[in-house]
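This is what each chain is made of:
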Amino acid sequence: MKIVSIVGARPQFIKCAPVSREIRKNHSEILVHTGQHYDTEMSDVFFEELMIPHPDYHLGVGSGSHGKQTGDILMRVEEILLAEKPELVIVYGDTNTTLGGALAAAKLNIPVAHVEAGLRSFDRTMPEEINRVLTDHISNILFCPTENAVRILEKEGIVSGVHLVGDVMVDALEFNKEIAEERSLILERLCLTPGQYLVLTVHRPANTDSRQNMDSILRAVAMAGLPVVFPVHPRTKKCLQEYGMWDRLPENIQAIEPLGYLDMLKVMRHAAKILTDSGGMQKEAYLLGVPCITLRENTEWVETVKEGWNVLVGANFDKILNTIMCFNPDKKSNNIFGRFAAKKIVNILDI
Ligand code: UD1
């Protein structure tokens, strides 16, 4: 089968790595990078570390408003699909790249497979929620990471082409965990003692675009009594500079450039706790057995909360500080995201 896979943002590089490896055993894959993320440390480093094949097309779409970015992706992907005539298009996750790519294919009547289907935060103010809902409703094959995702699709009337396969991020993590342990020197580089520091990431507009939210988060973290590693997304840096907070970050916070996958895995694995508004990191924290404090009011990864390893605190100063001090889950972390999702996905495509 001739398959076009479309990626463009950081989490999609991680998700496509294990699937691409499996696809290429039996099928011909054409990899399209939309260029939604373009900085070296937001893109190139992931291709190198995760050994993702060089993209066949790089669209260089870059940043822009949601309409412009999604529209550019739609137009540019359409051209490629018309030229390549694939039998299937695969999209990942919930970014503007996901929606733009899926829409281009659906309009050309090319079957779409969505990896990470059925996720919902039930918060339509999140751009990702719009991308999730629309992509699922125009996809022909829906690969769900969890049973909950399958149930959500059923409630929305989507029952055919739905497959519970588990989460491909587990494959990526399992493949790279020990490699990261051996190769990454991040703890030494940042002078960190295992178990004696926190990791913080913030990039959602709901936080970055609110001066008040950023202020609450940083003030709470300042009182943690532990060093805090803060890999900063370019959007977040821009906002903090605008608010005049960038040059006077609390002393215990080490603000650094965004990290590659291997450094990030290692720094997360040995953290005392992780504070984040990322979706992927909530799962990775769970898989690594590190307590996660989620700086959002909702999550599409409800299983991590139900299992007792994740707490939703929004940007509330008291709640953040309280959970940093008191949230110490001691339950066993179960395998709720499955294993070998990439293999299962390609087995289904083979039929
Ligand atoms: C996107 C996804 C989000 C995902 C995140 C992972 C959407 C709607 N959002 O958010 O779901 O969690 O990726 O990181 O698709 N920028 C750079 N260099 C880059 C990339 C971005 O400077 O390489 C800056 C630009 O100022 C840009 C801003 O970051 O405007 C936001 O980038 P964008 O790709 O629009 O969204 P993310 O916030 O990264």
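Residues numbered from 1 in each chain as written. Predicted model: local features only at pLDDT ≥ 70, side-chain atom pairs only at ≥ 80, totals over all residues. Heavy atoms only, no water.

Topic: the side chain of Thr135
Inspection of the secondary structure puts Thr135 in helix α5 (residues 127–137). Every residue in contact with Thr135, bar those within four places of it in the chain, is listed here: Val91, Thr98, Leu99, Ala102 and His114. (Helix = DSSP H or I, 4+ residues; strand = E, 2+ residues; numbered from the N terminus. Contact = heavy atoms within 4.5 Å.)

As for the sheet that holds strand β13 (residues 310–312)
Taking strand neighbours across the sheet as the criterion, the 6 strands line up as β10-β9-β8-β11-β12-β13 in an open arrangement whose pairing is parallel. Each of the sheet's edge strands pairs with one partner strand only, and the pair in question is β10 (253–256) and β13. Going across the sheet, the axis of each strand differs from the next one's by a mean of 20°, ignoring polarity. Note that strand β12 (residues 292–294) and β13 share 3 bridges and pair parallel. Looking at the pairing, Thr294 lines up with Leu312 of β13. (Pairing = 2+ DSSP bridges. Axes fitted to C-alpha atoms, helices over the stretch in contact; angles between N-to-C directions.)

Digging into the site of the ligand
Neighbouring the ligand are 21 residues; His37, Glu128, His233, Arg235 and Lys238 lie closest to it. The separation between an oxygen atom of the ligand and a polar side-chain atom of Gln36 is 2.8 Å. His37 has a polar side-chain atom sitting 2.7 Å from an oxygen atom of the ligand. Listing elements by their share of the shell around the ligand, those giving two or more residues are α1 (10–26), α3 (66–84) and α11 (234–242). At 3 residues, α11 tops the list of elements feeding residues into the shell around the ligand. Across the shell around the ligand, the residue classes break down as 5 nonpolar, 9 polar and 7 charged. (Near = heavy atom within 4 Å. Polar contact = N/O pair within 3.5 Å; in protein donor to acceptor, adjacent residues only side chain to side chain. Nonpolar A, V, L, I, M, F, W, Y, C, P; charged D, E, K, R; others polar.)

Quick look at the pattern of salt bridges
Once their charged atoms are close, side chains differing in charge can pair, the charge on each being opposite to the other. Using the criterion set out here, one finds 18 salt bridges in the structure. Residues Lys2 and Glu84 are paired through a salt bridge, measuring 2.9 Å at the closest nitrogen-oxygen approach. One end of the pair, Lys2, is in strand β1 (residues 2–7); the other, Glu84, is in helix α3, with 82 residues separating them in the sequence. Given the relative accessible area of 24%, Lys2 is considered partly exposed. On the basis of relative accessible area, Glu84 is assigned to the buried category, the value being 16%. Ionic contacts of the salt-bridge type, sharing partners, join the residues Asp94, Glu129, Arg132, Arg296 and Glu300 into one network. (Salt bridge = Lys/Arg side-chain N within 4 Å of Asp/Glu carboxyl O. Buried < 20%, exposed > 50% of the residue type's maximum accessible area, 1.4 Å probe, protein only.)

A few points about the pairing of β1
Looking down a regular strand, the side chains alternate between one sheet face and the other. The buried fraction of β1 is high, at 5 of 6 residues. Pairing of β1 with strand β2 (residues 28–33), which is carried by 6 bridges, proceeds in the parallel orientation. Opposite Val7, over in β2, you have His33 as the bridge partner. With α1 bridging β1 and the parallel β2, this β-α-β connection has right-handed handedness. Here β1 pairs with strand β4 (residues 88–92) via 4 bridges, running parallel. When the bridges of β4 are listed, Ser5 appears paired with Ile90. (Right-handed = clockwise from strand over helix to strand, strands pointing away.)

Brief notes about the environment of Leu295
Looking at the secondary structure, you find Leu295 in the loop between β12 and α14 (302–306). Placed 74 residues apart in sequence, Leu295 and Val221 show a C-alpha to C-alpha distance of 12 Å. Excluding anything up to four places from it in sequence, Leu295 contacts Leu200, Thr201, Val202, Asn207, Ile217, Leu275, Thr276, Asp277, Val313, Gly314 and Ile320.

Remember that the coordinates give geometry; whether it matters functionally is a separate question.
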